[in-house]
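Inside the fold
In case you want the letters, here they are:
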Amino acid sequence: MNTTSLRESLPYRACAGMMILNKKRQVFVGRRIDMVSEHWQMPQGGIDLNEDPIVAALRELEEEIGTRNVELVHMLDEWLKYDLPDDLLGKIWQGKYRGQQQKWFLFRFLGRDDEINIQTEHPEFSEWKWADYSDLPRLIVPFKRDLYETVLEKFSPYVL
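In short, a report on the structure.

Conventions used here
Residues numbered from 1 in each chain as written. Predicted model: local features only at pLDDT ≥ 70, side-chain atom pairs only at ≥ 80, totals over all residues. Heavy atoms only, no water. Helix = DSSP H or I, 4+ residues; strand = E, 2+ residues; numbered from the N terminus. Rg over C-alpha atoms; globule rule 2.2 N^0.38 Å. Buried < 20%, exposed > 50% of the residue type's maximum accessible area, 1.4 Å probe, protein only. Contact = heavy atoms within 4.5 Å. Areas by Shrake-Rupley, 256 points an atom, 1.4 Å probe, with all protein chains shown as cover. 1 Å grid on protein atoms, 1.4 Å probe; cavity = no way out; pocket = protein on both sides within 12 Å on 5 of 7 lines; lining within 4 Å. Points joined across faces, edges and corners; volume = space filled by probe spheres on them. Nonpolar A, V, L, I, M, F, W, Y, C, P; charged D, E, K, R; others polar. Salt bridge = Lys/Arg side-chain N within 4 Å of Asp/Glu carboxyl O. Phe/Tyr/Trp six-rings, centres within 6.5 Å; stacked < 30°, edge-to-face > 60°. Lys NZ or Arg CZ within 6 Å of the ring centre and 35° of its normal.

Section: the overall build of the protein
- Within the protein, the regular secondary structure consists of 4 helices and 7 strands.
- The order of α-helices and β-strands along the protein, N terminus first, is α-β-β-β-α-β-β-β-β-α-α.
- Relative to the 2.2 N^0.38 estimate, which gives 15 Å for 160 residues, the radius of gyration of the protein is 15 Å and therefore close to what a compact globule would have.
- Expressed as lengths along the three principal axes of its C-alpha atoms, the size of the protein is roughly 50 × 35 × 35 Å.
- Relative to its full complement of 160 residues, the protein shows a buried share of 44%.
- When contacts within the protein are restricted to residue pairs at least 6 apart in sequence, long-range pairs at least 24 apart make up 73% of them.
- Accessible surface, the protein: about 8600 Å² in total, of which carbon and sulfur atoms supply 47%.

Overview of the side chain of threonine 120
- Mapped onto the elements, threonine 120 comes out in the loop between strand 6 (99–109) and strand 7 (125–131).
- Judged by relative accessible area, threonine 120 falls into the buried class, the value being 16%.
- When residues no more than four places from it in sequence are discounted, the contact partners of threonine 120 are Glu62, Glu63, Glu64, Ile65 and Gly66.

Overview of the layout of surface pockets
- In this structure, the largest pocket occupies an estimated 430 Å³ of space.
- What lines the largest pocket is a set of 27 residues, among which Arg32, Asp34, Gln44, Ile92 and Trp93 lie closest to the centre.
- For the lining of the largest pocket, the secondary structure elements donating two or more residues are strand 2 (27–32), strand 3 (44–46) and helix 2 (53–65).
- Residues of the lining of the largest pocket, tallied by class, amount to 9 nonpolar, 8 polar and 10 charged.

Details of the pattern of salt bridges
- Here the structure, examined in full by the defined rule, presents 13 salt bridges.
- Of the charged contacts, one joins aspartate 83 and arginine 98 as a salt bridge, the two residues approaching to 3.1 Å between their closest N and O atoms. Of the two residues, aspartate 83 is situated in strand 5 (residues 80–83) and arginine 98 in the loop between strand 5 and strand 6; the sequence distance between them amounts to 15 residues.
- Residue classification places aspartate 83 among the partly exposed residues on the basis of a relative accessible area of 30%.
- Through salt bridges with shared partners, one network takes in Asp48, Glu51, Arg59, Glu60 and Glu63.

Some thoughts on the packing of aromatic side chains
- Applying the stated rule across the entire model yields 9 aromatic pairs.
- A ring pair is formed by phenylalanine 28 and tryptophan 130, whose centres lie 6.0 Å apart and whose planes are at 85°; its orientation type is edge-to-face. Linking phenylalanine 28 in strand 2 with tryptophan 130 in strand 7, this pair joins segments that are 102 residues apart in sequence. Like tryptophan 130, phenylalanine 28 is buried.
- With centroids separated by 5.8 Å and ring planes inclined at 45°, the aromatic side chains of tyrosine 82 and phenylalanine 143 adopt a geometry described as tilted. Here phenylalanine 143 lies in the loop between helix 3 (136–139) and helix 4 (145–159) and tyrosine 82 lies in strand 5, a separation of 61 residues in the sequence.
- The buried category is assigned to tyrosine 82, whose relative accessible area is 5%.
- Taken together, Phe28, Phe109, Phe125, Trp128 and Trp130 form an aromatic cluster joined through their ring pairs.
- One residue, lysine 129, lies across the ring of tryptophan 40, its end atom 4.5 Å from the ring centre.

Next up, the structure:
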């Protein structure tokens, strides 16, 4: 099966994306443990069948960064999508998905940096940092860049 046919035959994976702001309006980003690259990303994770997206977002925060000490600032009404590049299609997520459709949430982090613990039961990040809002598009893997730019545009009234 060629890549186009494979892509068209696969659904999108439902996912929650989380932008977490600190008091300085910087954004939490982590470097994925399973990728050897210079790229960073905001936390994100799958939404289980019949799970409310906000419940999934809070669960994923705890699973990925060890805390859910946040307050919801805003969530996007629409779902945003991205497709995997050809070299990853059919390889990750057991080959079941063409990409992700994501419900995005903007949270304010209420805690202290020492509450963040990426050494969770199933770690996803090898390191983390607070990044400037405007730096996010250049930090992310290229195939997610358009999605990140849309998230930044939609959240900017609540951040800047």
